Structures are given as C-alpha cells and as structure tokens.
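Each chain, letter by letter, is given below.
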Amino acid sequence: QICPDPAGFTVSKTQLTTDEDGASETFTVVLNSEPNSPVRFTLSNTDTSEVSVDKDTLTFYTSTWDTPQTIKVTGLPDGTPDGDITSYVNLSVTWDNSSYEYASVVNKIVDVVNENVDLLPPPPNPDLGICNDVTVLRACARGPRARAPI
C-alpha cells in the first residue's frame, strides 16, 4: 500500500526585497498533496504602511491543488528616512473552511524588506562656522554673510 504525501504547502521564497519607490517581488504557494476538499489560506500583512500584498486569501481545489498561485508584494513610500523596514506576510490555513487533513498545517512566514529611499537632511555646512550662541544663531539663520552684533 502506498501512503499519501502528508498535507502541507510549499512557498517558493521566504525572503523578498521591495523598496519605497514601488518595487515589487512575487512568490508562489502550492499544496504538497491532493486534498479531499478545498483548502483556503489567509494572508496577513504585518505592516500595511510599508508594503501591500495583492491577495488576502488563496483557495486550492481538488482539481488545482498542484497549480502554484502567485502573490505580489509591493513596497510603499512613507516619506520618512526610517531605514530599511522588515515586514512579514503570514500564510495560514483557514482551518474551519478547509479540508480536514490541512487543519493542523503550520503557518509559514515570508520576510519582506522594504528598502528606504528617503534621504536624511544634509548635515550642517562646516564652512558656515559654529552656531551655538543665541546671537550667533540669529546671524547664522540670516545667512553666512550676516554679522552678529557685538
């Protein structure tokens, strides 16, 4: 007797890179074995301010269980020089609406690094001198040629 493959699913990539200019990357999900009835997944995005995910659910049927489904993740601009931010896409079986043999399948997580494109403000120009006295600060605010009262 041949034992069926255990229930499970495969994710093509577990690490993606996007950027705040809207770069995107895709990954696929496919079941490892034929289910007895449909298998539904919920996709959860942990940081909707950094990335968007084009689907929030997937459904595999007994006739399409071995056809990979593609998910697209796109970086979003935030206008903040916050560095590269890692978000996560959590893929979990919706156990109460899925084939029983998939009910105990463990979640999988895809890491998404959204690369920062916002620049920090430029540092002070050292040629303008040191501005640390209130009177001198006013002069610095007026420009490099302004003279502070003595």
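Starting afresh in each chain, residues are numbered from 1 along the sequence in its written order. Local features in this predicted model are restricted to residues whose pLDDT is 70 or higher, and side-chain atom pairs enter the listing and the counts only when it is 80 or higher, whereas totals over whole chains, interfaces and linings include all residues. Side-chain numbers come from the whole structure's heavy atoms, not from hydrogens or water.

A short note on the confidence of the model for the protein chain
In the predicted model, the protein chain carries a mean pLDDT of 87, and 81% of its residues have values of at least 70. The predictor reports its confidence for every residue as pLDDT, a score running from 0 up to 100. We call two residues in contact when some of their heavy atoms are within 4.5 Å. Low pLDDT, under 50, characterises residues 133-137; the predicted model gives this stretch seven contacts beyond four residues in sequence or across chains.

Points about the sheet that holds strand β3 (residues 24-31)
For two strands to be treated as a pair, DSSP must find at least two bridges joining them. Put simply, DSSP H or I for four residues or longer makes a helix, DSSP E for two residues or longer makes a strand, and each gets a number counted from the N terminus. In spatial order, the strands read β1-β3-β7-β5; together these four strands make up an open sheet with antiparallel pairing. Because the sheet does not close on itself, it has two edges, and the strands there are β1 (9-11) and β5 (51-53). For this sheet, the mean inter-axis angle between neighbouring strands, taken without regard to orientation, is 20°. Note that β3 and strand β7 (residues 69-75) share six bridges and pair antiparallel. Bridging across to β7, Thr26 finds its partner in Lys72. All axes are obtained by fitting lines to C-alpha atoms, using only the stretch in contact for helices, and the reported angles, taken between N-to-C directions, cover 0 to 180 degrees.

Notes on the environment of Thr10
Along the chain, Thr10 turns up in strand β1. Since its relative accessible area comes to 38%, Thr10 is described here as partly exposed. Separated by 19 residues in the primary sequence, Thr10 and Val29 have C-alpha atoms spaced 5.7 Å apart. Among all residues touching Thr10, those that are not within four sequence positions of it are Thr28, Val29, Val30, Asn32 and Lys108. We define a polar contact as two N or O atoms separated by no more than 3.5 Å, with the added condition that, inside protein, one atom must be a possible hydrogen donor and the other a possible acceptor, whereas residues neighbouring each other in sequence contribute only through side-chain atom pairs. Side chain to side chain, Thr10 and Asn32 meet in a polar contact 2.7 Å long. Here the term buried applies to any residue with accessible area under 20% of the maximum for its type, exposed to any over 50%, and partly exposed to those in between, with areas from a 1.4 Å probe on protein chains only.

So, the pairing of strand β9 (residues 108-115)
The sheet contact formed by strand β2 (residues 15-19) and β9 spans five bridges and is parallel. When the sheet's bridge partners are listed, Asp19 is paired in β9 with Glu115. As defined by bridge partners, strand β8 (residues 85-93) adjoins β9 across seven bridges and the pair is classed as antiparallel. Of the residues in β9, the one forming a bridge with Ser87 is Val112.

Focus on the side chain of Thr74
In this structure, Thr74 sits in strand β7. We classify Thr74 as buried; its relative accessible area is 19%.

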